[in-house]
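Structural overview for review
Residue strings, one per chain:
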Amino acid sequence: MALLAVIGYPISHSASPVMHNAALRALGLPNRYIAIESHPETLQKTLKTLHKLGFKGLNITIPHKEAAAREAVKLSEEAEAIGAVNTLQRLDDGWVGYNTDVEGVERCLSPHVEGRLNRVLVLGAGGAAAAALYALWRMGVEKVIVANRSRERAEVLAKRFRDKVGLNVRVIGLEEASREARSVEIVINATPLGITYHESMIGPEDLTKHHIVLDMVYSNLPTPLQRAAISTDALYIDGVKMLVEQGARAFKIFHGVEPDRALMERAVRSWLARRGVPG
Ligand code: NAP
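Here the structure is a predicted model, which means the values were calculated and not measured. (Residues numbered from 1 in each chain as written. Predicted model: local features only at pLDDT ≥ 70, side-chain atom pairs only at ≥ 80, totals over all residues. Heavy atoms only, no water.)

**Topic: the overall build of the protein chain**
When you go through the protein chain residue by residue, the secondary structure sums to eleven helices and twelve strands. Its C-alpha atoms give the protein chain a radius of gyration of 18 Å, within 12% of the compact-globule value 19 Å for 279 residues. Across the protein chain, contacts joining residues at least 24 apart in sequence account for 71% of those joining residues at least 6 apart. Distance between charge centroids for the protein chain: 4 Å, based on 35 positive and 31 negative side chains. (Helix = DSSP H or I, 4+ residues; strand = E, 2+ residues; numbered from the N terminus. Rg over C-alpha atoms; globule rule 2.2 N^0.38 Å. Contact = heavy atoms within 4.5 Å. Lys, Arg positive; Asp, Glu negative; His and termini not counted. Charge placed at Lys NZ, Arg CZ, Asp CG, Glu CD.)

Next comes the structure, spelled out in structure tokens:
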């Protein structure tokens, strides 16, 4: 039996163990997936220890994605460009880092997108936003607008993508997001707004039935952004879909087989419902 884990701080909110264990059981694989809480100060030691203990693979969540990328002995092309990992696969001499959030974003959006995309609004400038930018670049999007609370962090992200891949990125303040939403085809929420804070920068007045909204937060209650999208007939894709897509890609890296995505989604949704609290 091999062990796998998701590492974060805190970690009790993570649906990854339920999702991965459901997929492992369905395939009859004898491996087990657990959650490990690690403080940022002890992350380096935790990664070394888990490698020594023989862990087969790890998922990395808030706030460790960038620090874990620095610990990897090798990075995939997208992890290198983004500077953050959410998946570590065991090599004999350390961990190789991937960023499967990129494929998560692509697989969530691609079925709903026809032809060339002109303008996309991304809320947030952290690791998830960086993965979204890389996915949008791969999808051939013309222009990305990044709205973030900390403008400085967004400028750093924008510069990184202009320099690395030549993506056309403009930075705005979070308070301007509402106005800009009206001029784009897709809105991606890559902030925790909507779970912990029960608020959204985007309201029904900013959306139409032509918008696609990808909300990375997952919750058992409709988020304010979800309510706004539904009331305007915009296409809404929730964070559970994103979780499943990024998790399915990580599963394939870990075990070499495709998991059952529908089963993973059912496992996450019923876990969220049983928990009875958002997030
Ligand atoms: P991160 O690197 O810590 O970045 C957090 C981002 O959210 C930053 O842009 C931050 O703005 C912004 N933010 C945090 N609190 C805020 C607040 N109160 N008001 C306004 N903005 C706020 O985290 P991340 O990895 O990018 O993740 C972002 C969110 O996406 C999290 O909720 C995470 O759970 C979710 N996510 C979901 C999936 C999935 O599979 N469903 C995958 C990845 C991420 P500042 O820069 O100003 O601090």
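And the narrative resumes.
**Section: the sheet that holds strand β1 (residues 3-8)**
Taken together, six strands build an open sheet; the order of strands is β2-β1-β3-β5-β6-β4 and the sheet is mixed. Both edges of this open sheet fall to β2 (32-37) and β4 (74-75), since each of them pairs with a single strand only. Taken together, the four bridges between β1 and strand β3 (residues 57-60) define a ladder with parallel strand orientation. Considered in β3, the bridge of Val-6 is made with Asn-59. (Pairing = 2+ DSSP bridges.)

**Section: the site of the ligand**
Around the ligand lies a shell of 25 residues, among which Ala-125, Ala-128, Asn-148, Ser-150 and Met-216 are the nearest. Backbone polar atom of Ser-150 to an oxygen atom of the ligand: 2.9 Å apart, as the coordinates give it. At a separation of 2.9 Å, a nitrogen atom of the ligand approaches a polar backbone atom of Met-216. Calculation on the ligand without its partners gives an accessible area of 920 Å², and the protein chains cover 84% of this total. It is helix α10 (residues 239-255) that contributes the most residues to the shell around the ligand, four residues altogether. Taken together, the residues that form the shell around the ligand break down as 13 nonpolar, eight polar and four charged. Two domains each provide a minimum of three residues to the shell around the ligand, namely domain 1 (3-99 + 242-274) and domain 2 (102-237). (Near = heavy atom within 4 Å. Polar contact = N/O pair within 3.5 Å; in protein donor to acceptor, adjacent residues only side chain to side chain. Areas by Shrake-Rupley, 256 points an atom, 1.4 Å probe, with all protein chains shown as cover. Nonpolar A, V, L, I, M, F, W, Y, C, P; charged D, E, K, R; others polar. Domains from an automatic or database assignment.)

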